[in-house]
Amino acid sequence: MQMEPHIVVVTRQPVSRVAALLREAGYFVTKIAPEQASGIATAEALVVDLRLFELMQWLGENNDAGRMLVIAPSATVLKGIPASTIRPNDVEEGLITAVDRIVANGRTAALRAS
């Protein structure tokens with residue numbers, strides 16, 4: 001049985017600093033390319049780290065905003081998608097806190113529903 005939260009990092013980067021930071025914090029991390037869908041349904045959070053054009057395309061096809069953290073230069077690029085955002089310059093200091101919040105909110109909602 002898996003106890004640590006499962007986080008999917010959507011990125012094209014062959015070596016992802018985001019994935020490494022999450023693993024260091026104790027998360028079970030799966031890193032996928034944007035065209036892959038495996039693992040998304042079972043993840044407690046999605047961290048999307050793509051270039052702006054590809055990010056917008058991916059968000060148009062995969063909007064699960066309640067459990068999504070988008071690494072983007074500003075929240076305005078999401079154009080009404082209620083996902084959490086973090087700027088690339090803030091990843092080192094704010095990534096874990098932002099993901100912790102998404103996981104906690106998801107678990108609280110699941111407890112309320114049961």
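Notes on the structure follow.

A closer look at the layout of surface pockets
A probe matching the size of a water molecule, rolled over the atoms, marks out where space remains unfilled.
Consideration 1: There is about 190 Å³ of room inside the largest pocket.
Consideration 2: As for the largest pocket, its lining consists of 13 residues, of which Gln13, Asp49, Ile71, Pro88 and Val91 are closest to the centre.
Consideration 3: Going through the elements one at a time, helix 1 (17-24), helix 2 (52-61) and helix 3 (91-113) are the ones with two or more residues in the lining of the largest pocket.
Consideration 4: The residue inventory of the lining of the largest pocket, partitioned by class, reads nine nonpolar, one polar and three charged.

Brief notes about the side chain of histidine 6
Consideration 1: Assignment of secondary structure puts histidine 6 in strand 1 (residues 6-11).
Consideration 2: Residue histidine 6 is classed as buried on the basis of its relative accessible area of 8%.
Consideration 3: Reaching out from histidine 6, the side chain makes a polar contact with the side chain of threonine 30 at a distance of 2.7 Å.
Consideration 4: At a separation of 3.4 Å, a polar atom in the side chain of histidine 6 contacts the side chain of threonine 42.

Here's the deal with the nonpolar core
Consideration 1: By size, the foremost hydrophobic cluster in this structure holds 19 residues, and its most contacted members are Ile7, Val18, Leu22, Val47, Leu69, Leu95 and Val99.
Consideration 2: Elements with a contribution of two residues or more to this core: strand 1, helix 1, strand 3 (45-49), strand 4 (68-71) and helix 3.
Consideration 3: Those residues in contact with valine 18 that sit more than four places away from it in its chain are Val9, Val47, Asp49, Ile71, Val91 and Leu95.
Consideration 4: Among the nonpolar cores identified, the runner-up in size contains 18 residues, and Ile40, Leu50, Leu59 and Val70 belong to it.

What to know about the pattern of salt bridges
Consideration 1: In total, this model carries five salt bridges according to the counting rule given.
Consideration 2: Where glutamate 35 meets arginine 12, a salt bridge forms, and the shortest distance between an N and an O atom there is 2.8 Å. With a gap of 23 residues between them, glutamate 35 in the loop between strand 2 (28-32) and strand 3 and arginine 12 in the loop between strand 1 and helix 1 connect regions that are remote in the sequence.
Consideration 3: Among the salt bridges present, the one from arginine 17 reaches glutamate 24, with a minimum N-O distance of 3.7 Å.

Quick look at the environment of valine 9
Consideration 1: By the element assignment, valine 9 lies in strand 1.
Consideration 2: The spacing of valine 9 and aspartate 49 is 40 residues in sequence and 7.2 Å in space, taken between C-alpha atoms.
Consideration 3: Filtering out sequence-adjacent residues up to four positions away, valine 9 remains in contact with Ser16, Val18, Ala19, Leu22, Val29, Thr30, Lys31, Ile32 and Val47.

Details of the environment of arginine 107
Consideration 1: Tracing the sequence through the fold places arginine 107 in helix 3.
Consideration 2: Among the residues examined, arginine 107 registers a relative accessible area of 39% and is labelled partly exposed.
Consideration 3: C-alpha separation for the pair arginine 107 and phenylalanine 53, spaced 54 residues apart in sequence, amounts to 32 Å.

A short note on helix 3
Consideration 1: Spanning 23 residues, helix 3 covers 32 Å between terminal C-alpha atoms, matching the ideal 33 Å at 1.5 Å per step.
Consideration 2: Those residues of helix 3 that sit buried are Val91, Leu95, Ala98, Val99, Ile102 and Val103.

Calculation rules
- Residues numbered from 1 in each chain as written.
- Predicted model: local features only at pLDDT ≥ 70, side-chain atom pairs only at ≥ 80, totals over all residues.
- Heavy atoms only, no water.
- 1 Å grid on protein atoms, 1.4 Å probe; cavity = no way out; pocket = protein on both sides within 12 Å on 5 of 7 lines; lining within 4 Å.
- Points joined across faces, edges and corners; volume = space filled by probe spheres on them.
- Helix = DSSP H or I, 4+ residues; strand = E, 2+ residues; numbered from the N terminus.
- Nonpolar A, V, L, I, M, F, W, Y, C, P; charged D, E, K, R; others polar.
- Buried < 20%, exposed > 50% of the residue type's maximum accessible area, 1.4 Å probe, protein only.
- Polar contact = N/O pair within 3.5 Å; in protein donor to acceptor, adjacent residues only side chain to side chain.
- Core = buried A, V, L, I, M, F, W, Y, C linked by side-chain atoms within 4.5 Å.
- Contact = heavy atoms within 4.5 Å.
- Salt bridge = Lys/Arg side-chain N within 4 Å of Asp/Glu carboxyl O.
- Expected span 1.5 Å × (residues − 1).

Interpretation note: all reported values are geometric properties and have no functional meaning in isolation.
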